[in-house]
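As a plain string of letters, each chain reads:
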Amino acid sequence: MHELDEQTLIDILTKPKNALTKQYQKLFEMDNVKLRFTKGSLSAIAQEAQKHKSGARGLRAILEQAMLDVMFECPRRRPRCRGW
């Protein structure tokens, strides 16, 4: 087995029909918040997975940890959260 490179991890985060980023965007849509992931944020998530040698399996945990506070704060501060 070989480690997945950064671009492959980013593809896993974004390309499948039920990709993690698409799931989070749908969750935020329920609160009328448009969520966008920058190339830098996707790269940081992929690098974190590589750092911990968790590969694709670790992407969900890394993304959940990063988004947890935002998910609970955004509905309360909706105008300030737009465009995150």
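Structure: above.
All values reported here derive from a predicted model rather than from experimental measurement.

1. Re the layout of surface pockets
In step 1: Its volume calculated, the largest pocket comes out at about 160 Å³.
In step 2: What lines the largest pocket is His2, Glu3, Leu4, Leu9, Ala49, Gln50, Lys53, Ser54, Gly55 and Ala56.
In step 3: Mapped onto the lining of the largest pocket, the elements with two or more residues apiece are α3 (39-51) and α4 (55-73).

2. Overview of the environment of threonine 14
In step 1: Here threonine 14 lies in helix α1 (residues 6-14).
In step 2: The class for threonine 14 is partly exposed, based on a relative accessible area of 24%.
In step 3: Here the alpha-carbon distance between threonine 14 and leucine 42, two residues 28 residues apart in the chain, equals 8.8 Å.
In step 4: With sequence-adjacent residues up to four places away left out, threonine 14 is seen in contact with Ala19, Thr21, Lys22 and Leu42.

3. Let's talk about the pattern of salt bridges
In step 1: Taken as a whole and assessed by the stated rule, the structure comprises two salt bridges.
In step 2: With a shortest N-O distance of 3.3 Å, glutamate 3 and lysine 53 are connected by a salt bridge. A residue pair is termed long-range when its members are at least 10 positions apart, and glutamate 3 in the segment before α1 and lysine 53 in the loop between α3 and α4 qualify at 50 residues.
In step 3: Judged by its relative accessible area of 51%, glutamate 3 is exposed.
In step 4: Note on lysine 53: relative accessible area 63%, which makes it exposed.
In step 5: Between lysine 15 and aspartate 11 there is a salt bridge, and its shortest N-O distance comes to 3.7 Å.
In step 6: Classification of aspartate 11 by relative accessible area gives partly exposed; the value is 23%.

4. Observations regarding the packing of helix α2 (residues 20-29) against α4
The axes of two packed helices give the description: the angle between them and the distance between them.
In step 1: It is at 11 Å that the axes of α2 and α4 come closest, and there the two elements cross at 20 degrees. Taken as axis vectors, α2 and α4 run roughly parallel relative to one another. The handedness of the crossing between α2 and α4 comes out as right-handed. Contact with α2, carried on its side by Leu20, Gln23, Tyr24, Leu27 and Phe28, involves Leu59, Arg60, Leu63, Glu64, Met67, Val70 and Met71 of α4 and no other residues of that element.
In step 2: By residue class, the composition of the contact of α2 with α4 is nine nonpolar, one polar and two charged.

How each quantity is defined
Residues numbered from 1 in each chain as written. Predicted model: local features only at pLDDT ≥ 70, side-chain atom pairs only at ≥ 80, totals over all residues. Heavy atoms only, no water. 1 Å grid on protein atoms, 1.4 Å probe; cavity = no way out; pocket = protein on both sides within 12 Å on 5 of 7 lines; lining within 4 Å. Points joined across faces, edges and corners; volume = space filled by probe spheres on them. Helix = DSSP H or I, 4+ residues; strand = E, 2+ residues; numbered from the N terminus. Buried < 20%, exposed > 50% of the residue type's maximum accessible area, 1.4 Å probe, protein only. Contact = heavy atoms within 4.5 Å. Salt bridge = Lys/Arg side-chain N within 4 Å of Asp/Glu carboxyl O. Axes fitted to C-alpha atoms, helices over the stretch in contact; angles between N-to-C directions. Parallel < 35°, antiparallel > 145°, perpendicular 65-115°, else oblique. Left-handed = near helix turned anticlockwise from the far one by under 90°. Nonpolar A, V, L, I, M, F, W, Y, C, P; charged D, E, K, R; others polar.

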